[in-house]
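The residues making up each chain are set out below.
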Amino acid sequence: MPDAPRVQIAGLTRRFGGRAVVDDVSLSIAPGQVTCLLGPSGCGKSTTLRMIAGVDRPDAGEIRLDGRLVCDAARSVPPEDRGVGLMFQDFALFPHMSVADNVAFGLSGSRAEKRARAQALLGRVSLDRHIDAYPHELSGGEQQRVALARAIAPRPRVMLMDEPFSGLDDRLRDEIRDQTLEVLKEEGTAVLLVTHEPQEAMRMADEIALMREGRIVQTGAPYNIYNNPVDREAAGFFSDINVISGEVNGALTQTPFGQFLAPGVPDGTRVDIVIRPQHLRIDFDRAGRGPNPTPQDGTPARAVVERARFIGRESLVEFRLEAGPCLTATVPSVFLPKPGTPMWLAIRRDRCFVFPQAKES
Ligand SMILES: Nc1ncnc2c1ncn2[C@@H]1O[C@H](COP(=O)(O)OP(=O)(O)OP(=O)(O)O)[C@@H](O)[C@H]1O
């Protein structure tokens, strides 16, 4: 039988000035599971986390931690009695305490036991040689790792993290993220991590809860959310997207790339066909002819290069279709055709999404 969830929230709602900034949010997190609450700035992520931590109170809903009801309409257990670890971007170490004492701060036991635990955790984040240093003797990234060791030291069964890695440069961030994840997994901690960065969520999460305007719009493993986005906005949150619009007629939509199925969509509905830049296929023009249509790639369409740039690992090539919109393709490595070069584009049928357009309100 799977372990009982460490975090269970149901119907969590918080209003400010009549506006629900967190609106009927439910989720659960198993021991050892990392869930990332991912969404754009202002969508209600931090407010959700603050309610679970107990520093803000919901207008409706329930919070259970480790099976214990800590908050509903009638009661709210104070933050210090909820047994959760907290890690925020603007962590603060105690400046007058050594690294060892900072990490051991929330621990009980003999001095030797506390030091041994601090030493073990500092070893996990490669800082054991700084155990007797003071915070001002450490770099920002090292201080952040001490803060992390301190948050983990009391073995919280639940860890709440709000953008804990922002403010670090890229390489250090990757290293600290990976170390953090390893330690939390080892300890079997249930983690709720708030981030607005899709790449961070993809890297860290077992499960992503995608949040928008106070609501969770989709929950799933990173590859599920990336490969089966619930709507155009969810697709566009993870990468640039190309959108080709059309109108449904007899469950089909005509596009420059041939017909697309739109099963169950009523005639006359406008739909968006969404495709990520890496799923466009590029072929050379052979005296005005392109590749033959295939079931996987449909009908190719003729396009002309507008602009091409090399951006590191890949090249970004912008095309204008003879019949219609501009599309962007990414190509691994260096591929820089001249503007005006005719080429053929095809889109991988199994990699595109067809979404009815949102009705204008
Ligand atoms: N105490 C408050 N009083 C009034 N409005 C608030 C309060 N706290 C948050 N809000 C509003 O609630 C909305 C959600 O804020 P929240 O901080 O939860 O968003 P977020 O998704 O964490 O954003 P970010 O990624 O920018 O931190 C925002 O519009 C914010 O202005």
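Residues numbered from 1 in each chain as written. Predicted model: local features only at pLDDT ≥ 70, side-chain atom pairs only at ≥ 80, totals over all residues.

## Details of the sheet that holds strand β14 (residues 270-275)
Think of a sheet as strands paired side by side through backbone hydrogen bonds, with each pair either parallel or antiparallel.
In step 1: One open sheet accounts for 5 strands, arranged β13-β12-β11-β14-β20; its pairing is antiparallel. The open sheet has two free edges, formed respectively by β13 (258-261) and β20 (353-356), since each of these has just one partner strand. The mean angle between the axes of side-by-side strands here comes to 35°, regardless of whether they run parallel or antiparallel.
In step 2: Note: β14 against β20, 4 bridges, orientation antiparallel. (Pairing = 2+ DSSP bridges. Helix = DSSP H or I, 4+ residues; strand = E, 2+ residues; numbered from the N terminus. Axes fitted to C-alpha atoms, helices over the stretch in contact; angles between N-to-C directions.)

## A short note on the pairing of strand β18 (residues 326-332)
In step 1: As paired elements, strand β17 (residues 314-321) and β18 share 7 bridges and run antiparallel to each other. From the neighbouring strand, Leu316 faces β18, where its bridge partner is Thr330.
In step 2: Hairpin connection from β17 to β18: 4 residues lie between these consecutive antiparallel strands, with Gly324 at a positive phi of about 130°.

## Some details on the domain arrangement of the protein chain
In step 1: Under the domain assignment, the protein chain is made up of domain 1 (7-236) and domain 2 (240-356).
In step 2: Placing a centre on the C-alpha atoms of domain 1 and another on those of domain 2 gives a separation of 40 Å.
In step 3: Taken together, the residues of the side of domain 1 that touches domain 2 sort by class into 2 nonpolar, 1 polar and 2 charged. (Domains from an automatic or database assignment. Nonpolar A, V, L, I, M, F, W, Y, C, P; charged D, E, K, R; others polar.)

## With respect to the sheet that holds strand β7 (residues 158-162)
In step 1: Here we have 6 strands laid out as an open sheet, ordered β6-β7-β8-β3-β9-β10, and mixed in their pairing. In the strand order of this sheet, the two ends are held by β6 (84-88) and β10 (215-220), each with one partner. Taking the axes of each pair of neighbouring strands and ignoring which way they run, one obtains an average angle of 15° across the sheet.
In step 2: As judged from the 5 bridges shared by strand β3 (residues 34-38) and strand β8 (residues 190-195), these two strands associate in the parallel manner. Paired with Val34 across the two strands is Val191, which belongs to β8.

## Looking at the nonpolar core
In step 1: Grouped together as the largest cluster of nonpolar side chains are 83 residues, with contacts concentrated most on Cys36, Val103, Ala149, Met159, Leu160 and Leu192.
In step 2: Here this core takes 6 residues from helix α4 (residues 140-152), the largest share from any one element.
In step 3: Two domains each donate at least three residues to this core, and these are domain 1 (7-236) and domain 2 (240-356).
In step 4: In this structure, Leu192 is in contact with Val7, Ile29, Thr35, Leu37, Leu49, Ile52 and Leu160, ignoring residues within four places of it in sequence. (Core = buried A, V, L, I, M, F, W, Y, C linked by C-beta atoms within 7 Å. Buried ≥ 20, exposed ≤ 12 C-beta atoms within 10 Å, placed from the backbone. Contact = placed C-beta atoms within 7 Å.)

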